[in-house]
Amino acid sequence: MHRPSKVALITGAAKRVGRAIALQLAHEGFDIAFTYLSSQGEAQSLLTEITTQGRRAHAIRADLAQPEIATEEIHRAVTVEFGQLDVLVNNASLYLQADLQSTTSAIIHRLNAIHVESPLLLCQRFEPMLRAARGHVINMVDLLAERPWPQFLPYCASKAALANLTLGLARALAPEVTVNGIAPGVVEWPPDYPQGEREKYLKRVPLGRTGTPQDVASLIKFLVTEGSYITGQILRLDGGRSIT
Ligand SMILES: NC(=O)c1ccc[n+]([C@@H]2O[C@H](COP(=O)([O-])OP(=O)(O)OC[C@H]3O[C@@H](n4cnc5c(N)ncnc54)[C@H](OP(=O)(O)O)[C@@H]3O)[C@@H](O)[C@H]2O)c1
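Now for a quick tour of the structure. Please read all numbers here as calculations on a predicted model, not as lab measurements.

### Details of the nonpolar core
Membership of the largest hydrophobic core comes to 32 residues, with the highest contact counts inside it found for Leu9, Ile74, Val78, Leu85, Phe126 and Val137. Taken together, the elements giving at least two residues each to this core come down to β1 (7-10), α3 (67-81), α4 (105-133), α5 (153-173) and β6 (178-184). Those residues in contact with valine 78, other than ones at most four positions away along the chain, are Leu9, Ala33, Ile60, Gly83, Gln84, Leu85 and Phe126. Residues Leu25, Phe30, Ala57 and Val87 belong to the second largest nonpolar core, which totals 30 residues.

Here it is as structure tokens:
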């Protein structure tokens, strides 16, 4: 009997870590819906790369700083294009530097909209599809959620809220859906990150290297293919950074 494809939705997937996740899940046989905001060229090339692998792919331009409008649009697009959802990866992020003095209300709202409100509203919108599919939600958290940097105060606080939300959603969506978070250390440097800072960081990583986008993609592959009894966990993916 023909078994329909599974469908994964990854937010902010045109580049970097999200792109690796999308390509890995396509390789596993998932059809892929993904969102992007400004990276239109990269989104187009990702569409081509996935469809060349023989999977279906659909790109949705969405600004997750406008959570209600964005989630409505994403839900409509996935419903029309695929009519089902098996995996949701809340990956989109804004790594915005702001310390105690430079933080504004607008910055706090923007970061919470992207890192907390949108993942919550997407889970709310897709709840019926995710339950029907006995699906999986992965939230991309950050090691900084538990080890906050004062130069990134509202970023860290919003990721900490996402970590807490992950636990709440795991309870809310049980028993049909698993919900887990991944808390990376560095898996891809921000562009222009100073060389001296990179070396300082690496000295405190027992495994002696940064992670890679592929490390994230491999863990997500495991969670969505083998992880049916894992829920409500925040998995540190940091080469041991958190134990030094
Ligand atoms: N890289 C690391 O070492 C690291 C470390 C710890 C945690 N993480 C987490 O892992 C995830 C992936 O990391 P990354 O470095 O690949 O992320 P990233 O490059 O900082 O961001 C991923 C994408 O988020 C999208 N985005 C930003 N603002 C948006 C908005 N308002 N609406 C919709 N999309 C928006 C961007 O899309 P466009 O380019 O299309 O505008 C961007 O390409 C993130 O959640 C990040 O916080 C990463």
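### Quick word on the side chain of lysine 159
If you trace the backbone, lysine 159 turns up in helix α5. Aspartate 142 provides the closest opposite charge to the buried, salt-bridge-free lysine 159, at an N-O distance of 5.8 Å. There is a polar contact of 2.8 Å between the side chain of lysine 159 and the backbone oxygen of methionine 140. Among all residues touching lysine 159, those that are not within four sequence positions of it are Ser93, His115, Met140, Val141, Asp142 and Ala145.

### A word on the packing of α3 against α4
Where α3 contacts α4, the two axes come as close as 9 Å, and the packing angle between them is 35°. Regarding α3 and α4, the two cross each other, and that crossing is right-handed. Between α3 and α4, the contacting residues are Pro67, Glu68, Thr71, Glu72, Ile74, His75, Val78 and Thr79 on the first element and Ala113, Glu117, Ser118, Leu121, Leu122, Arg125, Phe126 and Met129 on the second. Along the lines of polarity and charge, the residues of the contact of α3 with α4 split into 8 nonpolar, 4 polar and 4 charged.

### Description of the packing of α4 against α5
At a closest axis distance of 9 Å, the pairing of α4 and α5 adopts a crossing angle of 15°. One element, α4, and the other, α5, form an angle in the roughly parallel class. α4 and α5 meet at a crossing whose hand is right-handed. Contact residues: Ile107, Ile108, Leu111, Asn112, His115, Val116, Pro119, Leu120, Cys123, Glu127 and Arg131 in α4; Pro154, Tyr155, Ser158, Lys159, Ala161, Leu162, Leu165, Leu169, Ala172 and Leu173 in α5. The class makeup of the residues in the contact of α4 with α5 is 15 nonpolar, 3 polar and 3 charged.

### Side note on the site of the ligand
The environment of the ligand is formed by 26 residues, the closest being Leu37, Ser38, Ser39, Asn91 and Val187. At 2.8 Å from an oxygen atom of the ligand is found a main-chain nitrogen or oxygen belonging to asparagine 91. Interatomic distance of 3.0 Å between a backbone N/O atom of glutamate 188 and a nitrogen atom of the ligand. When the ligand is considered free in solution it has 890 Å² of accessible area, and contact with the protein chains removes 90% of it. Among the elements of the structure, α1 (16-27) and α5 are those that each provide at least two residues to the shell around the ligand. Of the residues belonging to the shell around the ligand, the class tally is 14 nonpolar, 6 polar and 6 charged.

Rules of the game
- Residues numbered from 1 in each chain as written.
- Predicted model: local features only at pLDDT ≥ 70, side-chain atom pairs only at ≥ 80, totals over all residues.
- Heavy atoms only, no water.
- Core = buried A, V, L, I, M, F, W, Y, C linked by side-chain atoms within 4.5 Å.
- Buried < 20%, exposed > 50% of the residue type's maximum accessible area, 1.4 Å probe, protein only.
- Helix = DSSP H or I, 4+ residues; strand = E, 2+ residues; numbered from the N terminus.
- Contact = heavy atoms within 4.5 Å.
- Lys, Arg positive; Asp, Glu negative; His and termini not counted.
- Salt bridge = Lys/Arg side-chain N within 4 Å of Asp/Glu carboxyl O.
- Polar contact = N/O pair within 3.5 Å; in protein donor to acceptor, adjacent residues only side chain to side chain.
- Axes fitted to C-alpha atoms, helices over the stretch in contact; angles between N-to-C directions.
- Left-handed = near helix turned anticlockwise from the far one by under 90°.
- Nonpolar A, V, L, I, M, F, W, Y, C, P; charged D, E, K, R; others polar.
- Parallel < 35°, antiparallel > 145°, perpendicular 65-115°, else oblique.
- Near = heavy atom within 4 Å.
- Areas by Shrake-Rupley, 256 points an atom, 1.4 Å probe, with all protein chains shown as cover.

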